[in-house]
Amino acid sequence: MARLDDTNLATAKEIISRYPRIKSATIPLLHLAQEQDGYVATDAMEHIAELTNTTPAQVLGTCSFYEMFKREPVGKYLVNICTNISCQIMGGEELLHHAEESLGIKGGSTTADGLFTIEDVECIAACTEAPCLQINYRYFHKISNDQFDEVIADLRSGGRTDEIPPHGTLARIRQHIPADRAAGNADPAGIPEPIWLSAPATAPPEGEKA
Amino acid sequence: MPEAPAETAVAITVNGKAIAARPGELVIDAAERNGVYIPRFCYHHRMEPVGMCRMCLVEVDTGRGMALQPSCMLTVAPDMVVETESPVAKKAQDGILEFLLINHPLDCPVCDKGGECPLQDHTVAFGPGESRFVEEKRHYEKPISISENVYLDRERCILCDRCTRFAKDVAGDTLIHFQDRGNGTQINTFPDHPFASYFSGNTVQICPVGALTAKPYRFKARPWDLDVVESTCTDCAVGCRIVIDGSRNEVLRYAGVDSDPVNWSWLCDKGRFGFEKVGADARLSAPLVKETNGDLVETRWADALTQAARAIKAGLDKNGPGGTAIIGGAHLTNESAYAWAKLAKGVIGTDNVDAQLGDGLPAAMVAGMARATIDEACVAGGTLLVIGSDPKDELAVLFLRIRDAVTLHKTTVVELSPRATSLSEIAAHSLRSVPGAVHELVNQIIAGEGDLAPVRAALANDHLTVLLGRGSMAESAEATVAAAAALLAAFPNVKFLSGLRRANVHGALDLGLTPGFLPGRVTLDDGRAWFTEAWDTVPAEPGLDAAGILAAAADGRIDTLILLGADPLADFPDRELATRGLKGARTVIAVETLLNSSSAFAHIVLPAAGAAEVDGTTTNIEGRVSTVRQKVTPPGTARPDWMIAAELAFRLGADLNITDAASAWAEIERLSAAHAGMTAEALGNEPDGLIVGRTEPDVERPAMVSFSAPAFEAPAVDAYSLRLVTTRRLYDQGTLVSHSPSLAGLAVSGSLLANPTDLDRLGVAPSGNVKVSSPRGAITAAVEPDATVPPGTVVLAWNQGDPSPNALIDAAAPVTEVRLETTS
Amino acid sequence: MAVTDAPKITSSRFDLADGHTIERYVATGGYQGLKAALAKSPSGVVDEVKSASLLGRGGAGFPAGVKWGFCPPGVFPRYLVVNGDESEPGTYKDRLLMEKDPHQLIEGVLIGCYAVGCSQAFLYVRGEMALAQERIAQALNDAYAAGHIGKNIYGTEFSVDIVLHWGAGAYIVGEETALIESLEGNRGMPRLKPPFFPAAKGLYLQPTIVNNVETLANLPWIMSNGAAAFAALGAENSKGTRIFAVSGHVKNPGVYEVEFGVTTFRDLLYAPVYGGGIRHDRELKAFIPGGASAPWLYPEHLDVPLEAATVGKLGTMLGSGAVVVFDEQTDMVKACHRLVRFFARESCGKCTPCREGTSWLEKILERIIDGLGRPEDLDLLLDICDNISVGMNWPPRQTTICPLGQSATSPIASAVMRFRDEFEAYLGGPAEITVQVKGPAFVGPYVHEEATADA
Ligand SMILES: Cc1cc2nc3c(=O)[nH]c(=O)nc-3n(C[C@H](O)[C@H](O)[C@H](O)COP(=O)(O)O)c2cc1C
Ligand code: SF4
Ligand code: FES
C-alpha cells in the first residue's frame with residue numbers, strides 16, 4: 001500500500017498549511033499514512049517526500065527514528081506493556097510474561113490472526129498507576145492478569161471498538177483552524193515585530209463574555 | 001597561509017602557548033595552524049561542523065572554569081585557555097576512541113582504507129592495546145552497493161555524518177541518510193533510490209574509515225604500495241587539483257586535493273573514476289596508416305611521420321599554407337598546444353587552426369573579456385548571472401562552488417536559459433530565454449521594467465560575474481555574444497567566467513590554436529612583428545574557424561586536415577557539414593589517444609600520450625595555469641603531442657626548439673604577453689596555479705585583445721515550428737566515458753523532451769517515437785512530455801548516442817527550427 | 001511535617017469529570033488570567049512572571065521569566081514551543097494537565113506568547129498520548145470558536161495561532177533542541193548549545209522559547225492572582241507549588257501538588273495524604289528524586305526538602321518531579337539494568353560516548369544478571385561511566401552534546417557504589433537483598449540543619 005488517498009491528501013494539505021516550513025509536516029503526515037494503512041508504506045514515504053519537498057531518504061531518516069512508526073504491518077491492536085522502572089518494580093515484567101503466554105507470542109511479534117502485537121515499551125507516563133499498558137495508545141491502569149485477559153477477549157470478539165480504534169489512529173478529533181480566525185504562519189523569512197509588543201496595553205473591551 | 005594581521009588576531013592560549021587566532025576561527029583550526037593537531041573524525045573543514053564524534057574534545061576555560069568542549073564547534077574568543085592534552089582531555093579522548101572501536105570490525109588487513117585510516121592511526125598512536133569489550137559486535141550485511149561506484153560497509157561506519165552532510169549540504173543530493181536510532185543508527189539509501197550523485201566518490205574520500213569504498217579501487221592496492229603525484233584533472237575545464245595514485249606503472253585512483261581557489265578537495269565522479277581510460281585496452285599504441293583497401297594498419301613512427309610530412313608539403317606546394325588546417329587541441333597541455341600553434345603558424349604558416357569545434361564562443365571574446373576567478377564569481381553577497389552553461393553537467397565541481405556560495409554565502413544566482421537547469425532550484429531568478437535570442441531577454445532585464453525590475457536590481461551589484469558558456473548547439477553563438485556586449489555596456493564593472501567545458505580549451509585559445517590569434521591573447525596584426533622575430537614567419541591573414549575549415553575541405557580547398565584529439569562527427573554541431581568536410585580533405589591526419597567516430601576518415605593516425613602520461617601545464621576556466629604530471633608511461637610508442645609536432649616540424653625542415661615540456665613552457669613565458677612572469681619557478685611555488693593575464697607584462701610585449709561585439713538580430717520566432725535546444729549530461733556517450741568501465745553504464749540515451757501542450761497542439765502522441773525534421777535533416781527519437789520545457793521548444797541531449805541532434809543542425813543558421821510528426 | 005494547605009494552582013480541575021470542557025473551564029475562572037495579562041503591557045507580564053520566580057518544571061528548573069528575556073531584541077518572528085513530550089521514567093503530570101485541563105495550558109501558552117511576542121506557538125504532545133491529543137484538539141477548536149485564540153483576540157491587536165503537533169515515540173525529543181529538530185521534520189537529534197540556544201537560534205533558527213506544560217499551566221493562576229500570591233508560597237528559591245508523581249513501593253502512589261521547597265521527601269513518601277508510607281510497612285531502600293536521570297537518594301536524605309537548590313547541592317536533582325520509591329526487597333542490580341537499558345534504547349545515536357557507551361553498559365549489566373559477570377566488570381562499569389562523564393563529579397564534565405548520555409551513568413554510579421555487594425553476589429548467583437548501607441553513596445551526605453527552613 002499506498003500513497004495518501006484523496007481524503008487524506010486534503011488533510012495533509014491542511015496540515016502542511018499550518019507550518020511556516022513544509023518539512024515540519026513530515027511527522028504529522030507519517031502519522032496520517034500510518035492511520036490510513038496501519039503502517040507507513042514505502043510508497044507513502046515517497047508521497048510524503050513529494051509533499052514536503054524532501055527526498056524519500058530524508059523521510060525514511062525521520063520515520064525510522066521514531067518507534068511509533070511501523071514500516072511493516074503490525075497487529076490491529078498494538079499492546080504496549082511498560083516495563084520501565086516504576087512498572088518493573090510493580091509487576092510490569094510479570095504482566096508482560098503473562099501477555100506473552102496468553103497470546104502465545106513473544107514481545108515484538110504478532111499473533112497469527114494479525115490481531116495483536118505485543119511490545120515491551122519504555123515509560124508511558126502512568127507511573128503511579130503501575131503496572132500499566134496501552135492498546136493502540138489507549139491506557140489501561142493498574143491492570144491485573146485477569147483484567148488483561150478480559151480486554152483481549154473483548155477485542156477478539158469485536159468489542160470496545162469505540163474505545164480503541166485500529167492501529168494507526170491516534171486522536172480522533174483533529175485540529176481545524178477556521179480561516180477567518182487564523183492569525184497566519186509566522187514566516188521565519190522575516191516578519192516585523194508583532195504590533196501588540198510595541199502598542200500600549202489595551203484592556204479587553206468591557207462586557208466581553210468570559 | 002598567511003598569518004592573521006596582529007590587530008585583528010584573537011589572543012588565546014593553547015597548551016600554555018600564546019596563539020594569535022583569526023577572528024571567527026574554530027579552536028580546532030587555530031590549534032592546527034599553530035602546530036597542535038587535535039584528533040577528529042566528524043570535522044571536515046569544508047563542511048559545517050556537527051560536533052558529534054566528540055573526538056576533538058578539549059578542556060576550555062572561557063572565564064567560568066575548565067569545561068570539556070568539542071573544539072570543532074567552538075569559535076575562538078579573547079583570552080580563551082585551551083588544554084588539548086590535560087588529563088581530563090586525554091581521558092575523554094581515549095574514552096571516545098575506545099567507544100568507537102568497540103563495535104568496529106577488526107578487518108583492517110582486508111580493508112581498502114587500511115594504512116590510510118585515521119581511526120587506525122589514532123588507535124595505534126593513542127589507543128588501548130587490549131579491548132575491554134567482550135560482547136558481540138554489531139553486525140550488518142557486508143558491503144552493500146549504494147550506487148554504481150560506491151560500496152557501504154555499515155559495520156565499519158563510525159557515524160560521523162561526513163558523507164551524509166556532503167550529500168545534503170554540499171552536493172544537494174540527499175540520497176543517503178541516517179536511519180534508525182541510537183546504537184542501531186546506520187547510513188543507508190531509501191530502498192530502490194540509489195546514491196546516484198555526480199559527486200558520490202567524494203564520500204569515499206572523506207569517509208574517515210573504510211565504510212565507504214570505491215568499487216573501481218576495491219582490493220586494488222594497499223596504500224603503502226602506492227606512489228603519488230600531484231596533478232590536475234583534465235576531464236573538464238574546471239581544472240580540479242588531484243593526486244594520482246598508482247603502483248607499478250598503473251594508475252589506480254584519483255583523489256581530490258584541497259585547492260582553496262578551485263575544488264576544495266571535491267571531484268566529480270567523471271573525473272575521479274575516469275582514470276580508467278588511462279590504461280584502457282583500446283588505447284592507440286602505434287601509428288596507423290590506411291591501406292588501399294581502407295583498413296588502418298600499424299606502421300613505424302618514421303613511416304607515418306614521413307607520410308604525414310609529405311602530405312603537408314604537397315599541400316603547401318599546391319595550395320599554399322592555407323591548404324593545411326588543424327581542428328582540435330583543446331585536450332592538449334599548454335606546452336603541446338603551443339608546439340602545435342608554432343608548427344601551424346610559424347612553420348607551415350597556416351592560420352586555419354581552431355581548437356573549438358563550432359561548439360564554443362569566439363576566441364576574441366573569451367580572450368578579451370574581463371575575467372573573474374571562481375572565488376570572485378562566488379563572492380559572498382555577489383551576483384552570478386549564468387548564461388549558456390548548466391554547470392552541474394558541464395563543469396561539475398564549479399556547480400558545488402556555486403551551490404556553496406548560494407546556500408551559505410548569500411550569493412545571488414540569476415539564470416537565463418532556454419530550459420530549466422540544475423541551477424534553477426537555487427537561483428534567485430531563473431528565467432527562460434527564447435532559443436537564439438538570449439540577448440533580447442538581457443536587454444529587457446537591463447531595461448528593468450515591471451517583473452524584471454528585481455532582476456535588474458540583482459545585477460546592479462558591485463560584484464557581478466557572468467558565467468558565459470555555450471549551452472545549446474542548436475543556435476549560433478551570436479546571441480550569447482550580443483548578450484555579453486549588452487551586459488558590458490550596462491554594467492561596466494561586470495566580469496566574466498568562461499563556461500567553456502573542454503579541458504584545456506582556454507589554454508589552447510591563449511596559446512594561439514584559434515584563427516586570428518598568436519600565443520598570449522594577441523591578434524595576428526598586433527603580434528606579427530614580435531612573433532616574426534621569434535618564429536621567422538607568421539600568417540598574413542586571419543584563417544578559418546572549424547566551420548570554415550570543414551566547408552573549405554568539403555569544397556576541396558583543404559589538402560591536409562589534422563584532427564588534434566578531435567571528433568568532428570560527434571562534436572561539431574552540423575554533422576552533415578562535418579561528414580562532407582572529412583570526406584573532402586585529401587589527407588586526414590588524426591592525432592589521438594583512442595579511435596573515435598571520425599577516425600574512419602583518417603589516412604594517418606598518430607598515437608598520442610594522454611592524461612597521467614605527460615608532464616606540463618593546463619589552463620582552466622579562470623585562466624589558471626596549473627601543472628599536470630606524468631605518472632605512467634604511455635602505451636606502446638604513443639608520445640606527447642608536442643613531440644609529434646616537433647618531429648613533423650623536423651621533417652618539414654624546421655626546428656621547433658622544443659625538447660621537453662619545460663623548454664616549451666620557458667618559450668611561452670618568454671614570448672606570450674599573457675604568460676609573462678609565469679616562470680616554472682613561480683608555478684612551482686604556487687600549487688594552486690597562477691592566472692593568465694594577471695601578471696604585469698613587460699612593456700615591449702604586444703597588447704592583449706579586448707572585447708567588442710558585432711550587432712546581432714535574432715530571426716523572428718516561427719509559430720509553425722519548434723526551436724531545438726540541446727543540452728549536455730555529465731555522462732555522455734563520448735569516447736572518454738565509454739572507455740571508463742565504471743562510468744560507461746551511467747550514460748543514458750537521449751529522448752526528445754517537449755512541452756505536453758505542444759504535443760497536444762500538434763497531435764503528437766506523448767509516447768513512442770517521433771520524426772523530428774529540420775531543413776538540414778531528420779531523425780527519429782523517443783518523445784517524452786516534460787512540462788518544464790517551455791512551449792515552442794524541444795530539448796534533445798547531446799552525445800547520448802543516436803539519435804544525435806547534430807543531424808538536425810545547420811552550422812550556418814542562427815537557430816534550428818524543427819517539426820514533429822508521429823511515426824507509425 | 002510540612003504538609004501545607006497551599007492552594008491547588010495547576011491541578012485544581014483534576015477531580016472534575018468535565019474539567020477539560022470549555023464550559024467548565026470558563027465557569028471555574030478560565031481565561032481570566034489571559035484577560036488580566038492583556039490589560040498589562042507584554043513587558044509587564046514578563047516582569048510579573050519574573051517576580052513570581054516561576055521555575056521551569058521540565059527538568060532543568062530554569063526561571064521562566066528570565067528565559068523569556070533571552071530572546072535577542074528586535075529579532076522576529078519568535079516562536080513558543082510547548083514541551084508536552086513527557087517521557088522521563090517516573091514522570092506523570094504533563095499528561096494529566098493536558099488530558100484533564102487542556103484550556104489551562106492553552107491559556108498559559110497565550111499568556112506566554114503575548115509576553116514574549118510570538119504570533120505562533122507549537123504544542124508538541126507526546127505521540128503515545130492519544131487522549132491528550134484529542135482533548136487538546138477539541139479544546140483548541142472550541143477556543144478558536146470562542147475567540148480566545150487566533151486573530152485579534154478579544155478585539156485587541158494580539159493575534160496568535162497555536163498548532164497542535166504530535167511526536168512519534170522518542171524520549172530524546174523531550175530535550176528542547178531535539179524537540180525543535182523534530183518539529184522541523186527531522187530526526188530528534190539534539191543540537192549543541194552553544195551556539196543553538198533556542199532563545200537565540202531555535203525553531204527555523206529563530207528565537208524560540210521552549211517551556212514545559214506544567215510551567216505554562218501556572219501562568220493563568222499567576223496572572224489572575226498576582227505574582228505576589230504565587231511567590232508567597234514555597235521556599236526562598238522554589239516558589240509556588242509543584243506536582244510530584246510518587247510511584248513505586250509506596251502505599252498510595254499518586255500525583256500530588258505540594259507546596260514547593262518546604263515539603264520534604266519524608267512528607268511526600270510517608271504523609272497519609274501523599275504516599276502514605278512504604279507498602280507492607282517495609283523499609284525504604286532508596287528513591288529516585290527526580291526521574292530516571294537523577295542520581296538516587298537514600299533513607300538518610302528523607303528530611304531534605306523538595307527544594308531545587310538543596311537537592312542540587314547533594315549532587316542530584318528534582319528534575320521532572322518524579323519520585324520513584326524502592327523498598328528493601330528491590331533488586332538494585334535489576335533496577336539499575338532497567339534504567340540503563342532505557343537510556344541505551346533512547347540514545348539518539350549522535351554522540352559516540354552515548355551511542356556506544358550506554359549499550360555497552362547495558363550489555364555488561366545483562367551479562368551480570370545472566371550470571372556471566374566477571375569481577376572486573378564492576379570497575380569497568382564505573383570506568384565506562386567515567387568516560388561518558390569524565391570525573392563523574394557534580395557538575396559533571398559531560399563528553400556528550402546533551403545530558404542523556406551522562407544520565408545513564410546516574411543509576412550505575414548510584415547502584416554500584418552503594419550496593420556493590422549486590423552486584424558481587426550476582427557474580428556468584430543472585431543476591432540476598434537487604435536494606436543495609438553497603439558502601440559509599442554516589443550523592444553527598446545531607447546536613448539536616450542547613451536546609452530545613454520550614455516552619
Ligand atoms: C534527555 C532529556 C529529556 C527531556 N525530556 C523532557 C520532557 O519530556 N519534558 C519536558 O518538559 N522537558 C524535558 N527536558 C527538559 C527540556 O530540555 C527543557 O529544559 C524544558 O522543556 C524547558 O522547559 P521549562 O523551562 O519550562 O522547564 C528533557 C531534557 C533532557 C536533557
Ligand atoms: S548524549 Fe546521547 S541522546 Fe544526547 S545528543 Fe548525544 S547521543 Fe544523542
Ligand atoms: S571532530 Fe569535533 S566532534 Fe567530531
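Residues numbered from 1 in each chain as written. Chains lettered and ligands numbered in written order. Predicted model: local features only at pLDDT ≥ 70, side-chain atom pairs only at ≥ 80, totals over all residues. Heavy atoms only, no water.

Draft legend 1. Broad picture of the overall build of chain B. When its secondary structure is counted, chain B shows 26 helices and 36 strands. Over its C-alpha trace chain B gives a radius of gyration of 28 Å, about what one expects of a compact globule, namely 28 Å for 824 residues. Seen through its principal axes, chain B has C-alpha atoms that stretch 85 × 65 × 55 Å. Looking at chain B residue by residue over its 824 residues, the buried ones come to 62%. Restricting the contact set of chain B to residue pairs at least 6 apart, pairs at least 24 apart contribute 71%. Separation of charge centres in chain B, based on 72 positive and 103 negative side chains, amounts to 2 Å. (Helix = DSSP H or I, 4+ residues; strand = E, 2+ residues; numbered from the N terminus. Rg over C-alpha atoms; globule rule 2.2 N^0.38 Å. Buried < 20%, exposed > 50% of the residue type's maximum accessible area, 1.4 Å probe, protein only. Contact = heavy atoms within 4.5 Å. Lys, Arg positive; Asp, Glu negative; His and termini not counted. Charge placed at Lys NZ, Arg CZ, Asp CG, Glu CD.)

Draft legend 2. Up close: the overall build of chain A. A tally of helices and strands in chain A yields 8 helices and 4 strands. Counted from the first residue to the last, chain A has its helices and strands arranged as α-α-α-α-β-α-α-β-β-β-α-α. Over its C-alpha trace chain A gives a radius of gyration of 22 Å, far above what one expects of a compact globule, namely 17 Å for 210 residues. In terms of principal-axis extent, the alpha carbons of chain A reach across some 65 × 45 × 30 Å. In chain A, which comprises 210 residues, the share counted as buried stands at 57%. Taking the intrachain contacts of chain A between residues at least 6 apart in sequence as the baseline, contacts between residues at least 24 apart amount to 65%. Of the accessible surface of chain A, which amounts to about 8,500 Å², a share of 50% is contributed by carbon and sulfur atoms. Of the side-chain charges in chain A, 17 are positive and 30 negative, and the distance between the mean point of each set is 5 Å. (Areas by Shrake-Rupley, 256 points an atom, 1.4 Å probe, with all protein chains shown as cover.)

Draft legend 3. Summary view of the interface of chain A and chain B. Contacts between the two partners involve 14 residues from chain A, matched on the other side by 13 residues from chain B. Roughly 1,100 Å² is buried in total at the junction of chain A and chain B, and carbon and sulfur atoms are behind 62% of that figure. If you look at where chain A meets chain B, you find 2 salt bridges. Note that Glu67 of chain A is salt-bridged to Arg181 of chain B, the shortest N-O span being 2.5 Å. The interface formed by chain A and chain B includes 6 residue pairs in polar contact (both at pLDDT 80 or more). For the side of chain A that touches chain B, the elements supplying multiple residues, two or more each, are α3 (42-52) and α4 (56-63) of chain A. Here the side of chain A that touches chain B gets 5 residues from one element, more than from any other, and that element is α4 of chain A. Considering only residue class, the side of chain A that touches chain B consists of 6 nonpolar, 5 polar and 3 charged. (Buried area = accessible area lost by both parts, 1.4 Å probe. Salt bridge = Lys/Arg side-chain N within 4 Å of Asp/Glu carboxyl O. Polar contact = N/O pair within 3.5 Å; in protein donor to acceptor, adjacent residues only side chain to side chain. Nonpolar A, V, L, I, M, F, W, Y, C, P; charged D, E, K, R; others polar.)

Draft legend 4. Seen up close, the nonpolar core. With 320 residues, the main nonpolar core has Phe265, Leu269, Trp296, Phe326 and Ile412 of chain C as its most contacted residues. The biggest single contributor to this core is helix α6 (residues 102-116) of chain C, with 9 residues. Ignoring anything within four residues of it in the chain, the contact list for Trp296 of chain C reads Phe287, Ile288, Pro289, Phe326, Met332, Cys336, Leu339, Pro411, Ser414, Ala415, Phe419 and Val443 of chain C. If you look at the next biggest cluster of nonpolar residues, it comprises 54 residues, including Ile589, Val591, Leu606 and Leu683 of chain B. (Core = buried A, V, L, I, M, F, W, Y, C linked by side-chain atoms within 4.5 Å.)

Draft legend 5. Quick look at helix α15 (residues 352-369) of chain C. Residues and elements named next belong to chain C. Between its first and last C-alpha, α15 extends 26 Å over 18 residues, near the 26 Å set by a 1.5 Å rise per residue. Along α15, 15 of the 18 residues are buried, which leaves the element largely enclosed by surrounding structure. One or two steps after α15, the chain reaches Gly371, where phi turns positive at roughly 85°. (Expected span 1.5 Å × (residues − 1).)

Draft legend 6. View of the environment of Val717 of chain B. All names here are of chain B. Mapped onto the fold, Val717 is located in the loop between β30 (690-691) and β31 (722-727). When its relative accessible area of 58% is taken as the criterion, Val717 is described as exposed. Between the C-alpha atoms of Val717 and Leu459, which are 258 residues apart in sequence, the distance is 27 Å. Sequence-distant contacts of Val717, that is, excluding residues within four places in its chain, are made with Val434 and Arg723.

Draft legend 7. Highlighting the sheet that holds strand β3 (residues 133-135) of chain A. Residues and elements named next belong to chain A. Strands sit in the order β2-β1-β3-β4 across an open sheet of 4 strands; the sheet is mixed. A strand with exactly one partner marks an edge of an open sheet, and here the two such strands are β2 (116-121) and β4 (138-140). Between one strand and the next, the sheet's axes are offset by a mean angle of 25°, whatever the strand orientation. When β3 meets β4, the two strands line up antiparallel, connected through 3 bridges. Its bridge partner lying in β4, Leu133 is registered against Phe140. Set on the sheet, helix α6 (residues 92-103) makes contact with β1 (77-82), β2 and β3; between it and β2 the angle comes to about 160°. (Pairing = 2+ DSSP bridges. Axes fitted to C-alpha atoms, helices over the stretch in contact; angles between N-to-C directions.)

Draft legend 8. Layout of the interface of chain A and chain C. On the side of chain C, 97 residues touch chain A, which itself brings 75 residues to the contact. Here chain A meets chain C over a buried area of about 6,900 Å², counting both sides, of which 58% is carbon and sulfur. Among the residues of chain A in contact with chain C, Phe65, Arg181 and Trp196 of chain A are the three that bury the most area, contributing 12% of the side total. The tally of links between chain A and chain C comes to 6 salt bridges. As a salt-bridge pair, Glu134 of chain C and Arg138 of chain A come within 3.5 Å of each other at their nearest N and O atoms. At the junction of chain A with chain C, the criterion picks out 41 residue pairs in polar contact (both at pLDDT 80 or more). By residue number, the principal contributor to the side of chain A that touches chain C is helix α2 (residues 26-37) of chain A, which donates 4 residues.

Draft legend 9. Structural view of helix α7 (residues 130-145) of chain C. The end-to-end C-alpha separation of α7 of chain C is 23 Å, in line with the 22 Å expected for 16 residues at 1.5 Å each. Among the residues making up α7 of chain C, those that are buried are Ala130, Ala132, Gln133, Glu134, Ile136, Ala137, Ala139, Leu140, Asn141, Ala143 and Tyr144 of chain C. Where α7 of chain C is buried, its residues meet β4 of chain A together with α1 (22-27), α5 (94-100), α6, β2 (118-125) and β3 (161-166) of chain C. After α7 of chain C finishes, the residue Gly147 of chain C shows a positive phi value of roughly 85°.

Draft legend 10. Geometry of the site of ligand 2. Around ligand 2 there are 13 residues in total, and Cys348, Lys350, Cys351, Cys354 and Cys402 of chain C lie nearest to it. Residue composition of the shell around ligand 2, grouped by class: 8 nonpolar, 4 polar and 1 charged. (Near = heavy atom within 4 Å.)

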